[in-house]
Amino acid sequence: MDRNSLIGLGIIALILGVWLWFSGPTKEQIARNKFVRDSIETVKKQEELKEAQRIAESVKKTADTSTKIVSAQLSDSAKTALFNDTYRDFAVSATGKEEIYTIENELVKASVLNKGAQIIKVELKKYSRAGKKEPLVLFDRDSTNFSLKLNTYDRSRIFSTDSFYFKSVSQTADKITLRLETAKKDSYVDYIYSIKPNDYMVNCEIKFVGMQNIITQTEDQLQLQWRMNLPSQEKYIVKEKEVATIHYKQVLNDPDNINPFKDEELSINEADIKWVSFKQQFFNSTIIADNSFMKAGSLVKLGQREKSPDVVKSVFAELGVPYGHNASEKFSFQFYFGPNDYNILKKYDLELEKLIPTGWSVFSYLNKWLVIPIFDALSSMNMGIVILILTLIIKVLLLPIAYKTYLSGARMRVLKPELDAINAKMGANADPMKKQQEQMALYRKAGVNPLSGCLPLLLQFPILIALFAYIPAAIELRQKGFLWADDLSTYDSIWTFGQVPFINWAYGDHVSLFALLMFVSTIIYTYMNQNMMPQQNTQMPGMKFMMYFMPVIFLAVMNKYAAGLSWYYFLANMITFLQNWIMKKVISDESLRSKIEENMKKPAKVSTFQKLLEDMARQRQQQINKI
């Protein structure tokens, strides 16, 4: 080959190399492709596991059916051989007698069934269900199932621990050890449950001893499954169904949850999982890993039970338990069975307190720093009185804002003659922009900022939003009565009129007196506020309608909301009436008028904000003139 040919081949190779370089995948595409491959592999493993479970269940059903069919025909030795072939090393634990053991402390009583070594009932001693005196049953045997799936031998056999009878190895009042025995004396699985004094945590430790030759070598994890039908605990199940859901915390992420209004199965395999919580309105059942559950194959599922009168929702979690095929190893986790109490949950330092809706972002700090500490400090008092004290404290803190709001309204009121003169001079058909410029000039000359009363009102909204989020979820109000209401955590009904088309959808089937008092006081407050600033009625006639319409909408919402919140809003309105009455006595219109007249004699000072408004109005007028 001559030199020219070699040079030509070299150039072609160079061109191909450059083309391959620029047409090759980017780092982002490589990472994306790797993510897709990993996702496909994860899904493939999940499908293989489900198929193996299906085969195992089919084998078990076939074996059970076959046993029944041929039981009359087989000899005892043949029956034994068939039974041993079905369960293999676990045959020694496949039959037995059900026994229930209990561990308890001052707060919790947990019942453990030897079949599956699972907690089948939890009682919370300091709480009771609405309308009952006995301890609250968080869940019972009919509403829960807890099991560990054991992939064994060649993976064609998947056994579930809830099918086997565990034997009691040791038991005390606060600790029990149950053992799943196998045909091999040195191979077994222990479940160790324990509970500490005055704690809502139940500790659990699963020990695998000599199981490396029974559990399949092809898997590095087992699947833990927990399902539950959440029972109704409160006076009205409708609110329970609105808030009950599943929360979960992945090791690398903040806690998250399923939308409580959806039926959803959600894979949580972005990162290993720290805990999964079955959350109800005021209580939760949470499983928490000492280290973490494995992400592969982990999922949660929420199901609605709209027509059930006793079951709020159905919940399910499947979590990966690591298994290293060692001669002896253990996996430790905990259950939290208790109230959605902010201070109790926070002390565990697991972000469990985020189960409680304290409000979005900065709004939550009002509840964390003021409302919850007050509720906690005054918990021995009647909660209706505690809400009164809370309202007084908040109103005192907001007094400077209330003073500025009243003063702005009073100044606008005493300027009414001048504003009426401007309206009369310019006529009804005057250019709105020019009229606004005239009014702004008057405000500047009088030293009045027309928006100074709006900003203080806006500053109160975070408080309203924060209380709207927290008070219906405050366990401190649960089953605490006040006046005619027997439970401030839900609505008070003085008349239940039943099913009425449309009215039930918009308003409900009852009349809440606290909500009605809140509505009437708000209408009165709106009327008084309109009289304080009558110029708004002429400048913004649509605003007057909205000011009266919003309380009607609020009534429809509050009629089905917590009575404690309506009581707070009613008290806030009444205290506002008292504040305005006192300020009206202290701040006379004559003195304000005199001060405004003095300001009008001085050179007008333009604030930055007023100048901005005037510049905007001037630019808008110029644009209109050009058109």
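As the structure is a computational prediction, the values presented were derived from the model and not from experiment.

S.K.: Give a description of the overall build of the protein that names residues and reports values.
M.R.: Counting its regular elements, the protein contains 18 helices and 20 strands. A buried classification covers 46% of the 627 residues belonging to the protein. Expressed as a percentage of contacts within the protein between residues at least 6 apart in sequence, the contacts between residues at least 24 apart total 67%. Of the roughly 33,200 Å² of accessible surface on the protein, a fraction of 59% belongs to carbon and sulfur atoms.

S.K.: How would you summarise the packing of helix α6 (residues 364-377) against helix α7 (residues 383-397) if you had to cite specific residues and measurements?
M.R.: Look at α6 against α7: their axes get within 10 Å of each other, and the N-to-C directions meet at 145°. Here α6 runs over α7; the crossing is right-handed. Contact residues: L370, V371, I374 and F375 in α6; M383, V386, I387, L390, I393, I394 and L397 in α7. Taken together, the residues of the contact of α6 with α7 break down into 11 nonpolar, no polar and no charged.

S.K.: Kindly report on the side chain of K149, identifying the contributing residues and their values.
M.R.: Residue placement: K149 occurs in strand β5 (residues 144-152). Although K149 is buried, it makes no salt bridge; D162 carries the closest opposite charge, 4.7 Å away. A polar contact is formed between the side chain of K149 and the side chain of S160, at a distance of 2.9 Å.

S.K.: An account of the environment of G131 is requested, with residue identities and associated values reported.
M.R.: If you trace the backbone, G131 turns up in the loop between β3 (118-128) and β4 (135-139). Separated by 102 residues in sequence, G131 and Q233 place their C-alpha atoms 9.5 Å apart.

S.K.: So what's going on with the pattern of salt bridges? Residues and values would help.
M.R.: All chains considered together, the criterion is met by 11 salt bridges. The salt bridge involving R141 is made with E98; its shortest N-O contact spans 2.8 Å. Within this pair, whereas R141 is found in the loop between β4 and β5, its partner E98 is found in the loop between α3 (76-87) and β1 (100-104), the two being separated by 43 residues in sequence. As a salt-bridge pair, K235 and D486 come within 2.9 Å of each other at their nearest N and O atoms. You can see K235 sitting in the loop between β11 (221-231) and α4 (237-243) and its partner D486 sitting in the loop between α11 (454-470) and β19 (495-496), a full 251 residues away along the chain.

S.K.: For the sheet that holds β4, give the residues involved together with the corresponding values.
M.R.: Spatial strand order, β1-β2-β3-β4: 4 strands in an open sheet with antiparallel pairing. The sheet terminates laterally at β1 and β4, the two strands that pair on one side only. The mean angle between the axes of side-by-side strands here comes to 25°, regardless of whether they run parallel or antiparallel. Bridge count for β1 against strand β2 (residues 108-113) is 5 bridges, and the pairing is antiparallel. Its bridge partner being in β2, I100 is matched across the sheet by L113.

S.K.: Kindly report on the packing of aromatic side chains, identifying the contributing residues and their values.
M.R.: Per the counting criterion, the structure on display carries 31 aromatic pairs. Taken together, the aromatic side chains of F139, F146, W226, F278, F293, F331, F333, F335 and F337 make up a single cluster linked through ring pairs. Over the face of the ring belonging to Y153 we find R88, whose NZ or CZ atom lies 3.8 Å from the ring centre. Above the ring of Y188, the side-chain terminus of R179 is found at 3.8 Å from the ring centroid.

S.K.: Can you explain the environment of S232? Please cite residues and give values.
M.R.: In this structure, S232 sits in the loop between β11 and α4. Judged by relative accessible area, which is 5%, S232 ranks as buried.

S.K.: Help me get a handle on the nonpolar core, residues and values and all.
M.R.: In terms of nonpolar packing, the biggest core is built from 125 residues, with I119, Y193, V276, I287, F335, F375 and L467 touching the most fellow members. Apart from residues lying up to four places away in sequence, L467 is in contact with L366, N367, V371, L390, I394, P472, L565 and Y568. Among the nonpolar cores identified, the runner-up in size contains 15 residues, and L407, V414, L419 and I587 belong to it.

S.K.: So, the pairing of β3: which residues are in play, and what are the values?
M.R.: Among the 11 residues of β3, 8 are classified as buried, and the element is accordingly described as predominantly covered. Relative to β3, β2 is paired through 6 bridges, and the arrangement is antiparallel. If you follow V108 over to β3, its bridge partner there is L124. What sits between the antiparallel neighbours β2 and β3 is a turn of 4 residues, in which G116 has the positive phi angle 90°. Pairing analysis gives 4 bridges linking β3 to β4, with the strands arranged antiparallel. Its bridge partner lying in β4, V122 is registered against F139. A loop of 6 residues connects β3 with β4, the two strands running antiparallel in sequence, and G131 in this loop sits at a positive phi of about 85°.

Conventions adopted
- Residues numbered from 1 in each chain as written.
- Predicted model: local features only at pLDDT ≥ 70, side-chain atom pairs only at ≥ 80, totals over all residues.
- Heavy atoms only, no water.
- Helix = DSSP H or I, 4+ residues; strand = E, 2+ residues; numbered from the N terminus.
- Buried < 20%, exposed > 50% of the residue type's maximum accessible area, 1.4 Å probe, protein only.
- Contact = heavy atoms within 4.5 Å.
- Areas by Shrake-Rupley, 256 points an atom, 1.4 Å probe, with all protein chains shown as cover.
- Axes fitted to C-alpha atoms, helices over the stretch in contact; angles between N-to-C directions.
- Left-handed = near helix turned anticlockwise from the far one by under 90°.
- Nonpolar A, V, L, I, M, F, W, Y, C, P; charged D, E, K, R; others polar.
- Lys, Arg positive; Asp, Glu negative; His and termini not counted.
- Salt bridge = Lys/Arg side-chain N within 4 Å of Asp/Glu carboxyl O.
- Polar contact = N/O pair within 3.5 Å; in protein donor to acceptor, adjacent residues only side chain to side chain.
- Pairing = 2+ DSSP bridges.
- Phe/Tyr/Trp six-rings, centres within 6.5 Å; stacked < 30°, edge-to-face > 60°.
- Lys NZ or Arg CZ within 6 Å of the ring centre and 35° of its normal.
- Core = buried A, V, L, I, M, F, W, Y, C linked by side-chain atoms within 4.5 Å.

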